[in-house]
Amino acid sequence: AKCVDIALSSCTDVAYTQTMYPNFLDQKSREVIEYSSEYILISVLHNLLQGECNPDLRLLGCSVLAPQCEKDKVIKPCRHVCENLKKNCLPAFDAIDMAWPYFLDCDRFFAGEEEGCFDPLAKLRGEVDVEEDLPSDLPATFIQFKHHSYSQMVSTLKKTASKCSHIATTYSIGRSFEGKDLFVIEFSTKPGHHELLKPEFKYIGNMHGNEVVGKELLIYLAQYLCSEYLLGNPRIQTLINNTRIHLLPSLNPDGYELAAEEGAGYNGWVIGRQTAQNLDLNRNFPDLTSEAYRRAGIRGARLDHIPIPQSYWWGKVAPETKAVMKWLRYIPFVLSASLHGGELVVTYPYDYSRHPMEEKMFSPTPDEKMFKMLAKAYADAHPVISDRSELRCGGNFVKRGGIINGAEWYSFTGGMADFNYLHTNCFEVTVEVGCEKFPLEEELFTIWHENRDALLNYMEMVHRGIKGIVSDKFGNPIKNARISVRGIQHDVTTAADGDYWRLLPPGTYIISAQAAGYSRVMKRVTLPAKMKRAGRVDFVLRPVEAWPNKLLRRSMEDMYDPYDPLELFDPHAQHGQPEARGGSPPSREKPWWWSYFSSLDLHKPLWLLKQ
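For the protein chain, an unreviewed UniProt entry supplies the name Carboxypeptidase Z and the organism Nipponia nippon. Listed in UniProt under the heading Cofactor (unreviewed entry), the comment for the protein chain reads: "Zn(2+)". Under the UniProt heading Subcellular location (unreviewed entry), the note attached to the protein chain is "Secreted, Extracellular space, Extracellular matrix".

Structural data, given as C-alpha cells:
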C-alpha cells in the first residue's frame, strides 16, 4: 500500500494531504468510505449538534477514516486529543440521545505520544506554522508589514509573548464557529492576573472578517509594545507598568478566511463580513439600548448594568458573541475600542437611535462629554483624521473633528459598543481605520505609522478620571459597590478586590459610593484640566441595620438574571447544555436524527442508538 491524495470532500481541510487504504476500519477505497454510515455521520455532525464541538469532531473522524500517511506509512492520531474531545463533547451527544461513535474509541484507534502520533486538531490552534523563516540577525524592532493568515497570526503572537515572557502572555477567550481559537495577547507586569487599581484595557479587531486592517494593526502593536519595552522606551514602559492591556486581533477568523480567498486589494463589502453562521457580530449582541431609552424617563432608574433579556437567547447567538460576553464578565474592563474598516472616523455610543424610525439621529449617552473626549483622543493623534482636507477618505467628518455619535451617522441595534456601556463598566468606541477594507500589502506600513500614536494615545486615556478602593471599616474590600456621579445617570461597580475606575472629563463632581447593607458616603472631587492620571478617591462604608431603598438594593443584587445561559456556556469546549443530560427515558421510536441515514439500506448505524 502507498500514500494517496485525500479525495474526501468532508476531509479536505485536514492538516495533511495524503492517506492510505484500507483505513483503520478496513474500508478499502474512497468510494467505500463515502457510502459508509461513519462518513455520513461526520458530514452531518455539524447540523446534528448545531455547530457544537465542530469542526473538531469532523477532523477527529477524518483522522480515522482517512489517517495521515507519510513515506507510505500510516500515523495514528493522538489518544489524548480524542480523550479531551470526548470529555468535552459527550454532553452534546447525550442532549440528542445519541451514543458516542464506535470509531472514535480512544483506546482502539488512537495512539499515545510515545508511539509517534499526530494531533489532528493542531491546525485549529494555529500550530501548523506556515510562516517563512526570517534571517536570525534581524533587529529587535523588526516588524514584518504583511497580511497574516490565521496560523501566522497565532505564531507571531506566541513568539512575541515568548520574547517578552516577563510582561506578556497569550490566551484564548473561546472558539469561533469553525473551531478556531480567539487568541488574545496580554501585556502587564503580572501577566494573567488582575492587579489592584491597575485598569484593564482591550482592543478588538477583525469583528467583520473582511475588514482586516484592525487585525494587522493589533499584530503590529503587540510586536511594537514588546520591542519598545525591551529597548527602554519610557512611554511604553509607563503604559505597560500601569495598565493591563489585552489585544484580540481577530474576533472573526472564519470570516477572514473567506475574505482572504478574494485577496488583498479586493474592497469587498460582503464576502467574509459575517461569521461562518452568516451572522454579523456587530448586530448579534443583546439590544440593551432600547431598554435604556425606556428607563431614561423613570425617576431613579439606572442606565447601567442592564441584564440580558431572556428573549435574546431565543435567537441565534454566535459562539464568538458569547465568548466576548463571558470575557467581559470575568475581567473588569475600563476602556475599549473596536477597529473596523470602510471609513475614516471614530464613532461613539449610542449606536442605536433613541427614535427607532430615525436612521440618523443624535443619541447621546449620559457620558456624552467623556465619550467625545475619548473619540477625540484617537482622532486628534491620527494625522489623516485630523487633516482639515475634505477631499480625502473620511472628509465628510472634517467639520465634526473626525468623530461622530454612532446613531447620528447611521443607527443599528445589537452593537458591541452599546452592550459594553450598558451591561458592564467598560466604555467602548468604534474606530473606522480606513476606506479600504482589505488594502494591498504595500500600504500596510503607511497605515501602521498613521495609527501608531493614535493607538497609544487612546490606551493612555484609561488613566483619566478617578479610581479607588471601597472597603468596610476593617479594610475588607466590598465587591459590587456602586460608584455614582451626581448628574450622570450611569454608575460603575467595584471589582472583586473592591477597586473601581470611573472615567470622567475635567470638572468638579459629587461622587458617592454605596453597597447593600452599608450607608452611602459622598465626596466632592475636582479634576484639573491638565491632570492626565486618575485621581485616587477611596471610600470606607459603614454597615446599617435597614436598607433605605429596596429598589436600588434589588438592582444591585440582581445584576444578572437568575437564569443565565451565559453561565452554562463553555467558550472553549462549546458543550451541550448540561441540564439536557439524563432527563426522561428515551422513546422506543427512532430519534429524530435517524432520517439522516435513510439512504443506507443494510448498514444503518445501529451503534449510534443508545441501548
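A. Region of the structure containing the state of the cysteines. Across all of its chains, the model carries seven disulfides by this definition. Covalent S-S linkage joins C11 and C62, the inter-sulfur distance amounting to 2.0 Å. A torsion of -85 degrees about the S-S bond marks the disulfide between C11 and C62 as left-handed. With C11 in the loop between β1 (4-5) and β2 (18-19) and C62 in helix α3 (residues 56-65), the pair connects residues that are 51 residues apart, well separated along the chain. For the pair C11 and C62, one class covers both residues: buried. A disulfide bridge connects C82 with C106, and the sulfur atoms are separated by 2.1 Å. Linking C82 and C106, the disulfide has an S-S dihedral of approximately -75 degrees and is accordingly described as left-handed.

B. Inspection of a nonpolar patch on the surface at higher detail. There is a patch of nonpolar side chains on the surface, built from L258, V270 and I271 and spanning about 260 Å² of accessible area. Position of V270 relative to the elements: it lies in the loop between α8 (253-262) and α9 (289-296).

C. Broad picture of the pattern of salt bridges. Under the counting rule described, the total for this entry stands at 32 salt bridges. Between E428 and K202 there is a salt bridge, with the nearest N and O atoms lying 3.0 Å from each other. Pair noted here: E428 is in strand β12 (residues 427-434) and K202 is in strand β7 (residues 200-205), with a separation of 226 residues, a long-range link. We note that E428, like K202, is buried. Between D491 and R302 there is a salt bridge, and its shortest N-O distance comes to 2.6 Å.

D. Region of interest: the packing of aromatic side chains. Per the counting criterion, the structure on display carries 30 aromatic pairs. For the ring pair Y220 and W448, a centre distance of 6.2 Å and an interplane angle of 85 degrees mean the geometry is edge-to-face. Taken together, the residues span a long stretch of sequence, with Y220 in helix α6 (residues 213-231) and W448 in helix α14 (residues 444-460) at a distance of 228 residues. The buried category is assigned to W448, whose relative accessible area is 2%. Seen in terms of ring centroids, F371 and Y421 are 5.3 Å apart; in terms of plane orientation they differ by 70 degrees. Their pairing is edge-to-face. In this pair, F371 is assigned in helix α11 (residues 368-380) and Y421 in helix α13 (residues 416-423), connecting sequence segments 50 residues apart.

E. Examining the UniProt feature "domain: FZ" (unreviewed entry) in the protein chain more closely. UniProt annotation of "domain: FZ" (unreviewed entry) refers to residues 1-120 when read in the numbering used here. Span residues 1-120 is 37% helix and 8% strand, its end C-alpha atoms 22 Å apart.

F. A look at the UniProt feature "active site" (unreviewed entry) in the protein chain. In this structure's numbering, the residues bearing the UniProt feature "active site" (unreviewed entry) are E432. Assignment of secondary structure puts E432 in strand β12. Not counting chain neighbours up to four residues away, the residues in contact with E432 comprise H340, G341, G342, E343, L344, V345 and W409. Separated by 3.4 Å, the side chain of E432 and the backbone nitrogen of G341 make a polar contact.

G. Representation of unusual backbone geometry in the model. In this model, N54 is joined to P55 through a cis peptide bond whose omega is 10 degrees. Here P55 shows up in the loop between α2 (37-48) and α3. The amide bond that connects P349 to the next residue, Y350, takes the cis arrangement and shows omega of 0 degrees. If you check the backbone angles, D26 has positive phi at about 65 degrees while not being a glycine. Tracing the backbone through its elements, the reader meets D26 in the loop between β2 and α1 (30-34). One non-glycine residue, N480, lies in positive phi territory at about 65 degrees. You can see N480 is positioned in the loop between β13 (466-472) and β14 (482-485).

H. Inspection of α9 at higher detail. Among the residues of α9, those classed as buried are T289, A292 and R295. Down the axis, α9 shows its buried residues gathered within 120 degrees of arc, on one side only. Looking at the buried positions of α9, the neighbouring elements they touch are α13 and β15 (488-493).

The rules behind the values
Counting starts from 1 at the beginning of each chain's written sequence and moves along it residue by residue. Local features in this predicted model are restricted to residues whose pLDDT is 70 or higher, and side-chain atom pairs enter the listing and the counts only when it is 80 or higher, whereas totals over whole chains, interfaces and linings include all residues. Only hydrogens and water are removed before side-chain values are computed, so all heavy atoms of the structure are retained for them. UniProt positions are given in the numbering used here, feature names are shortened, and annotations may be inferred rather than shown by experiment. Two cysteine sulfur atoms make up a disulfide if the distance between them is within 2.5 Å. The helix count covers DSSP runs of H or I at least four residues long, the strand count covers runs of E at least two residues long, and both are numbered beginning at the N terminus. Only protein chains enter the accessibility calculation, which uses a 1.4 Å probe; a residue whose area is less than 20% of its type maximum is buried, one above 50% is exposed, and one in between is partly exposed. A patch consists of residues whose relative accessible area exceeds 30% and which take part in no salt bridge; residues with like charges are grouped when within 9 Å of each other, and nonpolar side chains (Val, Leu, Ile, Met, Phe, Trp, Tyr) when within 5 Å. Using a 1.4 Å probe, accessible areas were evaluated by the Shrake-Rupley method; residue-level cover was limited to the displayed protein chains. Any Lys or Arg side-chain nitrogen located within 4 Å of an Asp or Glu carboxyl oxygen qualifies as a salt bridge. Any pair of Phe, Tyr and Trp rings, taking the six-membered ring for Trp, is counted once the centres come within 6.5 Å. Such a pair is stacked with planes under 30 degrees apart, edge-to-face with planes over 60 apart, and tilted for the rest. Here a residue-residue contact requires only that any non-hydrogen atoms of the pair lie within 4.5 Å. Within 3.5 Å is the distance limit for a polar contact, defined as a pair of N or O atoms, with the added protein rule that one can donate a hydrogen and the other accept it, and that residues adjacent in sequence qualify only through two side-chain atoms. To be clear, the arc concerns the directions from the helix axis to the C-beta atoms.

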